[in-house]
Amino acid sequence: MRLVMKFGGTSVSGGPRIQNVADLVCGYAKQGHAIVTVTSAMSGVTDTLIRAARRAAAGDDAPYLAAHETLTEQHFAALDHIIGDAATREIAHKHVTRLLDDFANLCQSIHVLGEVTPRALDAVASLGERLILPILAQALRERGAATEAIEATELIITDDNFTQASPVMDATRNKARARLMPLLQQGVLPVTTGFLGATRAGIVTTLGRGGSDYTATILGNALDADEVWIWTDVDGVMTADPRIVPDAQTLAEISYGEAAELSYFGAKVIHPKTISPAAERDTPIRILNTFNPTHPGTRIVRAPRANGRTVKAITVIRNLGQITVEGRGMQGMPGVAARVFSTVAREAINVLMISQSSSEQNICFIVESAQAQRAIDALEKEFELDRLRGNIDRISAQDKIVILAVVGEGMKGTPGIAAKVFGALAERRINVISIAQGSSEYNLSLVVDEKDADEAMRAVHKNFLVG
Ligand code: ADP
Ligand code: ASP
Ligand code: MG
């Protein structure tokens, strides 16, 4: 099979884990598979880089100077663990030093300018993957594999929406195939960087945080891969985040639709944009555990086998605020909803969920906490006159709330799901602030207070997904 395998941050954190990844890739290559490997930065590195750049913009040069030192040590330690030959080690050290000197120079410029543009942020953020790339390639070489390290700037062409770039698929397809297909045909194992691409002009971009999963399916699509395997630190997509719900179980198969819904509603195990390039060509995605590689994990396919359950999983999105526009005079006042949402859209604020009570006396919607005040200010301005006339009484925000999403294709047309969810929450005296059912019917979303989030997850999980 032609496979794209992506390894996440925890799977490549440190020399021994990088060797484990090299063993896995070589093992599958020996079985006759043609493999393109995609690597994330070591875990925490991207955070460190971005924080250092932002602090530099704010006038503080200490974080980037400290990061220069710790990142050098961290990558040297991994290299020293992997490379036996002194001369090869020396070359590898020089490469790491050059990239980290670039990082320090970039941060110094940011410090002098007192601002960091999205383009500069991408130049910094992409360094984590670029640092680890030659280390993983060397680990493969040490196992006797023919390999080539290729930065994804040579493979993935994107638009110039820095920090959230989208691939230009036709150009990417041509570029990636021209570079990778001959290598695969010669039995070489190419390794590339997740998370990043380049504009047509060759400027580095990133695909959004956690975007290495997306890199894997973009390349899977471009190369017509048979499957895309995403290696992470858990046994696949589970019925809930195992860090919150300890008895969460692995789902053997889920659909593209379910996976997209789960990732959109907070299941960090897959980046939300990952599904569409695979679904477009019906390419199965597997989610596997590098720390438990014999576990079959999860397959994400168009038509999964039924597992006998209507609800497949439950997820949570945190750091949200609910905005409410209310007023007795709203009843029968045409166009209020349209004005509310066009005001918010003009501010480029993303609305995650909407609900309106049947009395028509209020409209509620959910946004990220960080954007709530901006939404309120814009709405106050838009409805100033209506407030004076007494049609709108109040525009308010409730902070520290979460959306809980109950997801499963079998929910479509199955009565009683909502009642059972509310029953589980009522039993534990958890107040539901508002609810919405997505038009896909794959998803029942409810809003609860942040302090109730974990307890609510465990309650719903117990009633639907255990036993
Ligand atoms: P990687 O670094 O490999 O990309 P991430 O940290 O991005 O890994 O994603 C894996 C994590 O996602 C897991 O450790 C787990 O805590 C979290 N997670 C959240 N929801 C789920 C879920 N439904 N199933 C599995 N993991 C989940
Ligand atoms: N290293 C990047 C991040 O931390 C991309 C990824 O890990 O998927 O966001
Ligand atoms: Mg991830």
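You'll find the structure just up there.
Here is a short report on the structure shown in this document. (Residues numbered from 1 in each chain as written. Chains lettered and ligands numbered in written order. Predicted model: local features only at pLDDT ≥ 70, side-chain atom pairs only at ≥ 80, totals over all residues. Heavy atoms only, no water.)

### Observations concerning the pattern of salt bridges
Part 1 of the argument: Across all of its chains, the model carries 28 salt bridges by this definition.
Part 2 of the argument: In this structure, Asp 282 and Arg 302 form a salt bridge, with 2.6 Å as the shortest nitrogen-oxygen distance. Linking Asp 282 in the loop between helix H10 (275-280) and strand S9 (285-289) with Arg 302 in the loop between strand S10 (298-301) and strand S11 (313-326), this pair joins segments that are 20 residues apart in sequence.
Part 3 of the argument: Classification of Asp 282 as partly exposed rests on a relative accessible area of 42%. (Salt bridge = Lys/Arg side-chain N within 4 Å of Asp/Glu carboxyl O. Helix = DSSP H or I, 4+ residues; strand = E, 2+ residues; numbered from the N terminus. Buried < 20%, exposed > 50% of the residue type's maximum accessible area, 1.4 Å probe, protein only.)

### A word on the site of ligand 1
Part 1 of the argument: Looking at ligand 1, there are 16 residues lining it, with Thr 232, Asp 233, Met 238, Asp 241 and Arg 243 nearest.
Part 2 of the argument: Here Asp 241 contributes a side-chain N or O atom positioned 2.9 Å from an oxygen atom of ligand 1.
Part 3 of the argument: One of the backbone N or O atoms of Val 269 is found 3.4 Å from an oxygen atom in ligand 1.
Part 4 of the argument: Protein chains bury 90% of the 570 Å² of accessible surface belonging to ligand 1 in isolation.
Part 5 of the argument: Of the residues assigned to the shell around ligand 1, the class counts are 7 nonpolar, 4 polar and 5 charged. (Near = heavy atom within 4 Å. Polar contact = N/O pair within 3.5 Å; in protein donor to acceptor, adjacent residues only side chain to side chain. Areas by Shrake-Rupley, 256 points an atom, 1.4 Å probe, with all protein chains shown as cover. Nonpolar A, V, L, I, M, F, W, Y, C, P; charged D, E, K, R; others polar.)

### Observations regarding the sheet that holds strand S4 (residues 189-193)
Note on sheets: strands pair through backbone hydrogen bonds, and any given pair is parallel or antiparallel.
Part 1 of the argument: Pairing is mixed in the open sheet, where 8 strands are placed in the order S3-S4-S2-S1-S7-S9-S10-S8. With one partner strand each, in any of the chains shown, strand S3 (147-150) and strand S8 (253-255) form the two edges of the open sheet. On average, adjacent strands in this sheet sit at an angle of 20 degrees to one another, irrespective of strand direction.
Part 2 of the argument: By the bridge criterion, 3 bridges tie strand S2 (residues 34-39) to S4 in an arrangement that is parallel. The partner of Thr 37 across the bridge, within S4, is Val 191.
Part 3 of the argument: The strands that helix H7 (residues 169-185) touches are strand S1 (2-7), S2, S3 and S4; relative to S3, the one it contacts most, it runs at about 170 degrees.
Part 4 of the argument: Sheet strands in contact with helix H9 (residues 256-264) are S8 and S10, and its direction is about 85 degrees off that of S8. (Pairing = 2+ DSSP bridges. Axes fitted to C-alpha atoms, helices over the stretch in contact; angles between N-to-C directions. Contact = heavy atoms within 4.5 Å.)

### A closer look at the nonpolar core
Part 1 of the argument: Core analysis: the largest hydrophobic core is formed by 76 residues, its most contacted members being Val 4, Ile 300 and Val 421.
Part 2 of the argument: Here this core gets 7 residues from one element, more than from any other, and that element is strand S14 (residues 394-407).
Part 3 of the argument: In this view, Val 421 contacts Val 406, Leu 444, Leu 446, Val 460 and Phe 464; residues no more than four positions away in its chain are not counted.
Part 4 of the argument: Counting residues in each nonpolar core, the second largest holds 56 residues, with Cys 26, Ala 56, Trp 231 and Leu 288 among its members. (Core = buried A, V, L, I, M, F, W, Y, C linked by side-chain atoms within 4.5 Å.)

### A short note on helix H8 (residues 212-222)
Part 1 of the argument: Counted residue by residue, H8 has 11 buried out of 11 residues, so it is predominantly covered.
Part 2 of the argument: Considered for burial, the residues of H8 that qualify are Ser 212, Asp 213, Tyr 214, Thr 215, Ala 216, Thr 217, Ile 218, Leu 219, Gly 220, Asn 221 and Ala 222.

### Things to note about the site of ligand 2
Part 1 of the argument: Near ligand 2 you find Ser 40, Thr 46, Glu 129, Phe 195, Arg 209, Gly 210, Gly 211 and Ser 212, and these make up its full shell.
Part 2 of the argument: Protein coverage of the free-state accessible area of ligand 2, which is 260 Å², stands at 85%.
Part 3 of the argument: Taken together, the residues that form the shell around ligand 2 break down as 1 nonpolar, 5 polar and 2 charged.

### Side note on the packing of helix H5 (residues 118-125) against helix H6 (residues 127-142)
When two helices pack together, you describe them by how their axes are tilted relative to each other and by the distance separating the axes.
Part 1 of the argument: Viewed as axis vectors pointing N to C, H5 and H6 meet at an angle of 25 degrees, and their least axial separation amounts to 5 Å. In terms of their interaxial angle, H5 and H6 are classed as roughly parallel. Residues Ala 123, Val 124 and Ala 125 of H5 form the contact with H6, whose participating residues are Leu 127, Gly 128 and Glu 129.
Part 2 of the argument: Residues that form the contact of H5 with H6 fall into these classes: 4 nonpolar, 1 polar and 1 charged. (Parallel < 35°, antiparallel > 145°, perpendicular 65-115°, else oblique.)

### Let's talk about the pairing of strand S16 (residues 443-449)
Part 1 of the argument: Within S16, 6 of the 7 residues are buried, leaving the element largely enclosed by the surrounding structure.
Part 2 of the argument: Direction of pairing for S14 relative to S16: antiparallel, over a ladder of 7 bridges. Its bridge partner lying in S16, Val 407 is registered against Asn 443.

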